[in-house]
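# An overview of the molecular structure
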Amino acid sequence: VGMIAGVVADRADRRRMMILANIGRAALAGLIPLSVFLNGPTLMVVMLVAAPISILRSFFLAAYTGAIPSIVGRPNVAAATSYLEVVYSLGYIAGPALAGILVAVIGAGATIVIDAASFLASAAAIAAVRTDLRAPRVDRPLDLLGEVRVGIDYIRNHPALRSAILL
(Lines give C-alpha, C1' and ligand atoms only; values in the text may rest on other atoms or scores of the structure.)
Protein backbone atom coordinates (compact mmCIF):
# COMPACT_ATOMS: atom_id res chain seq x y z
CA VAL A 1 0.00 0.00 0.00
CA GLY A 2 2.91 2.33 0.76
CA MET A 3 4.21 2.11 -2.79
CA ILE A 4 0.78 2.87 -4.23
CA ALA A 5 0.39 5.75 -1.78
CA GLY A 6 3.76 7.08 -2.95
CA VAL A 7 2.66 7.06 -6.57
CA VAL A 8 -0.55 8.89 -5.64
CA ALA A 9 1.37 11.44 -3.53
CA ASP A 10 3.66 12.13 -6.47
CA ARG A 11 0.61 13.27 -8.50
CA ALA A 12 -1.82 14.63 -5.93
CA ASP A 13 -2.54 17.64 -3.79
CA ARG A 14 -0.61 16.45 -0.76
CA ARG A 15 -2.39 18.83 1.61
CA ARG A 16 -5.77 17.39 0.61
CA MET A 17 -4.35 13.87 0.83
CA MET A 18 -3.10 14.42 4.41
CA ILE A 19 -6.30 16.14 5.50
CA LEU A 20 -8.53 13.41 4.06
CA ALA A 21 -6.34 10.67 5.55
CA ASN A 22 -6.56 12.29 8.98
CA ILE A 23 -10.31 12.85 8.77
CA GLY A 24 -10.71 9.21 7.75
CA ARG A 25 -8.51 8.05 10.61
CA ALA A 26 -10.48 10.23 13.06
CA ALA A 27 -13.78 8.78 11.86
CA LEU A 28 -12.51 5.20 12.02
CA ALA A 29 -10.87 5.67 15.43
CA GLY A 30 -14.08 7.31 16.64
CA LEU A 31 -15.98 4.09 15.95
CA ILE A 32 -14.07 2.36 18.75
CA PRO A 33 -15.20 4.57 21.65
CA LEU A 34 -18.66 4.68 20.12
CA SER A 35 -18.74 0.90 20.41
CA VAL A 36 -17.43 1.13 24.00
CA PHE A 37 -20.08 3.68 24.98
CA LEU A 38 -22.86 1.63 23.31
CA ASN A 39 -21.64 -1.65 24.84
CA GLY A 40 -21.11 -2.95 21.31
CA PRO A 41 -18.71 -5.55 19.97
CA THR A 42 -15.63 -3.37 20.58
CA LEU A 43 -13.02 -6.01 19.75
CA MET A 44 -14.73 -6.63 16.41
CA VAL A 45 -14.80 -2.89 15.72
CA VAL A 46 -11.07 -2.65 16.53
CA MET A 47 -10.36 -5.51 14.14
CA LEU A 48 -12.49 -3.94 11.39
CA VAL A 49 -10.91 -0.48 11.60
CA ALA A 50 -7.28 -1.54 12.09
CA ALA A 51 -6.49 -2.19 8.40
CA PRO A 52 -8.24 0.91 7.00
CA ILE A 53 -6.53 3.11 9.60
CA SER A 54 -3.19 1.59 8.62
CA ILE A 55 -3.89 2.15 4.92
CA LEU A 56 -4.82 5.79 5.57
CA ARG A 57 -1.62 6.14 7.61
CA SER A 58 0.36 4.98 4.56
CA PHE A 59 -1.32 7.63 2.42
CA PHE A 60 -0.72 10.29 5.07
CA LEU A 61 2.97 9.39 5.39
CA ALA A 62 3.49 9.36 1.62
CA ALA A 63 1.93 12.81 1.30
CA TYR A 64 3.76 14.21 4.30
CA THR A 65 7.11 12.89 3.10
CA GLY A 66 6.52 14.41 -0.33
CA ALA A 67 5.44 17.73 1.21
CA ILE A 68 8.53 18.29 3.35
CA PRO A 69 10.69 19.83 0.57
CA SER A 70 7.89 22.27 -0.29
CA ILE A 71 7.53 23.35 3.32
CA VAL A 72 11.18 23.68 4.39
CA GLY A 73 13.00 24.03 1.06
CA ARG A 74 15.30 21.43 -0.49
CA PRO A 75 18.46 22.58 1.37
CA ASN A 76 16.72 22.00 4.73
CA VAL A 77 15.19 18.58 4.04
CA ALA A 78 17.85 16.61 5.98
CA ALA A 79 17.56 18.80 9.08
CA ALA A 80 13.75 18.84 8.94
CA THR A 81 13.62 15.07 8.52
CA SER A 82 15.93 14.67 11.51
CA TYR A 83 13.70 16.85 13.69
CA LEU A 84 10.57 15.03 12.54
CA GLU A 85 12.15 11.65 13.29
CA VAL A 86 13.05 12.82 16.81
CA VAL A 87 9.45 13.93 17.42
CA TYR A 88 8.14 10.69 15.88
CA SER A 89 10.46 8.59 18.08
CA LEU A 90 9.48 10.53 21.20
CA GLY A 91 5.86 9.79 20.35
CA TYR A 92 6.66 6.08 20.27
CA ILE A 93 8.29 6.37 23.69
CA ALA A 94 5.92 8.76 25.47
CA GLY A 95 2.70 7.86 23.63
CA PRO A 96 2.10 4.40 25.13
CA ALA A 97 2.96 5.65 28.62
CA LEU A 98 0.57 8.59 28.29
CA ALA A 99 -2.11 6.32 26.83
CA GLY A 100 -1.72 3.94 29.78
CA ILE A 101 -2.11 6.77 32.25
CA LEU A 102 -5.16 8.12 30.40
CA VAL A 103 -6.78 4.67 30.23
CA ALA A 104 -6.29 4.28 34.00
CA VAL A 105 -7.68 7.76 34.71
CA ILE A 106 -10.47 8.31 32.15
CA GLY A 107 -10.95 4.88 30.54
CA ALA A 108 -10.14 3.31 27.19
CA GLY A 109 -13.06 4.79 25.27
CA ALA A 110 -12.34 8.37 26.31
CA THR A 111 -8.64 7.89 25.60
CA ILE A 112 -9.40 6.83 22.03
CA VAL A 113 -11.69 9.86 21.68
CA ILE A 114 -8.60 11.98 22.40
CA ASP A 115 -6.67 10.01 19.79
CA ALA A 116 -9.43 10.57 17.21
CA ALA A 117 -9.53 14.27 18.11
CA SER A 118 -5.76 14.48 17.56
CA PHE A 119 -6.28 13.44 13.93
CA LEU A 120 -8.82 16.25 13.52
CA ALA A 121 -6.43 18.74 15.13
CA SER A 122 -3.71 17.59 12.75
CA ALA A 123 -6.04 18.00 9.77
CA ALA A 124 -6.89 21.54 10.90
CA ALA A 125 -3.20 22.40 11.34
CA ILE A 126 -2.38 21.07 7.88
CA ALA A 127 -5.27 23.07 6.41
CA ALA A 128 -3.68 26.19 7.91
CA VAL A 129 -0.39 25.63 6.02
CA ARG A 130 -0.39 28.12 3.16
CA THR A 131 2.50 26.64 1.18
CA ASP A 132 1.47 24.96 -2.08
CA LEU A 133 1.85 21.22 -1.44
CA ARG A 134 0.62 19.97 -4.80
CA ALA A 135 2.91 17.58 -6.61
CA PRO A 136 4.43 18.88 -9.84
CA ARG A 137 2.13 18.29 -12.80
CA VAL A 138 2.87 15.15 -14.80
CA ASP A 139 1.66 15.12 -18.41
CA ARG A 140 1.68 11.37 -18.94
CA PRO A 141 -1.18 9.03 -18.01
CA LEU A 142 -1.03 7.26 -14.66
CA ASP A 143 0.53 3.79 -14.88
CA LEU A 144 0.24 2.74 -11.26
CA LEU A 145 1.94 -0.65 -11.56
CA GLY A 146 4.60 0.71 -13.90
CA GLU A 147 5.47 3.49 -11.48
CA VAL A 148 5.54 1.07 -8.53
CA ARG A 149 7.90 -1.12 -10.58
CA VAL A 150 10.16 1.88 -11.25
CA GLY A 151 10.26 2.57 -7.50
CA ILE A 152 11.13 -1.03 -6.71
CA ASP A 153 13.89 -1.01 -9.33
CA TYR A 154 15.27 2.23 -7.92
CA ILE A 155 15.44 0.76 -4.42
CA ARG A 156 16.92 -2.50 -5.70
CA ASN A 157 19.69 -0.61 -7.51
CA HIS A 158 20.46 1.81 -4.64
CA PRO A 159 22.73 0.02 -2.12
CA ALA A 160 21.93 2.23 0.89
CA LEU A 161 18.17 2.17 0.37
CA ARG A 162 18.20 -1.54 -0.39
CA SER A 163 20.11 -2.26 2.84
CA ALA A 164 17.92 0.04 4.93
CA ILE A 165 14.71 -1.55 3.66
CA LEU A 166 16.04 -5.08 4.10
CA LEU A 167 16.94 -4.24 7.70
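Owing to the predicted nature of the structure, the values given are computational and were not obtained by experimental measurement.

### Re the pattern of salt bridges
Following the criterion strictly, the structure yields 4 salt bridges and no others. Between E147 and R11 there is a salt bridge, with its nearest N and O atoms 2.8 Å apart. In this pair, E147 sits in helix α6 (residues 144-157) while R11 sits in the loop between α1 (2-9) and α2 (14-37), placing the two residues 136 residues apart along the sequence. Owing to a relative accessible area of 26%, R11 belongs among the partly exposed residues under this scheme. Two residues, R134 and D132, come together in a salt bridge whose shortest N-O distance is 2.9 Å.

### Remarks on the packing of helix α3 (residues 42-72) against helix α4 (residues 77-106)
Put simply, α3 and α4 touch, their axes get as near as 9 Å, and they point 145 degrees apart. As for the relative orientation of α3 and α4, their crossing is right-handed in sense. Between α3 and α4, the contacting residues are R57, Y64, I68, P69 and V72 on the first element and V77, A80, T81, L84, Y88 and Y92 on the second. Its residues assigned to classes, the contact of α3 with α4 comprises 9 nonpolar, 1 polar and 1 charged.

### Re the nonpolar core
By size, the foremost hydrophobic cluster in this structure holds 13 residues, and its most contacted members are M17, M18, F60, A62 and I126. Those elements giving two or more residues to this core turn out to be α1, α2, α3 and α5 (108-128). Not counting residues within four places of it along the chain, the set of residues in contact with A62 comprises A5, G6, A9 and M17. Judged by nonpolar contacts, the second largest core, of 9 residues, contains L28, I32, V49 and I53.

### As for unusual backbone geometry
Glycine aside, residues mostly have negative phi, and peptide bonds are mostly found in the trans state. You will see that N39, though not glycine, has its phi angle at about 55 degrees, which is positive. Mapped onto the fold, N39 is located in the loop between α2 and α3. Owing to a relative accessible area of 72%, N39 belongs among the exposed residues under this scheme.

### A short note on the environment of A135
The topology assignment puts A135 in the loop between α5 and α6. Exposure remark for A135: the relative accessible area of 13% places this residue in the buried category. Note: C-alpha distance between A135 and G66 (69 residues apart in sequence) is 7.9 Å. Apart from residues no more than four positions distant in its own chain, A135 is found in contact with A9, D10, R11, A12 and R14.

The rules behind these values
- Residues numbered from 1 in each chain as written.
- Predicted model: local features only at pLDDT ≥ 70, side-chain atom pairs only at ≥ 80, totals over all residues.
- Heavy atoms only, no water.
- Salt bridge = Lys/Arg side-chain N within 4 Å of Asp/Glu carboxyl O.
- Helix = DSSP H or I, 4+ residues; strand = E, 2+ residues; numbered from the N terminus.
- Buried < 20%, exposed > 50% of the residue type's maximum accessible area, 1.4 Å probe, protein only.
- Axes fitted to C-alpha atoms, helices over the stretch in contact; angles between N-to-C directions.
- Left-handed = near helix turned anticlockwise from the far one by under 90°.
- Contact = heavy atoms within 4.5 Å.
- Nonpolar A, V, L, I, M, F, W, Y, C, P; charged D, E, K, R; others polar.
- Core = buried A, V, L, I, M, F, W, Y, C linked by side-chain atoms within 4.5 Å.

Fair warning: the whole summary comes from geometry, so function is off the table for now.
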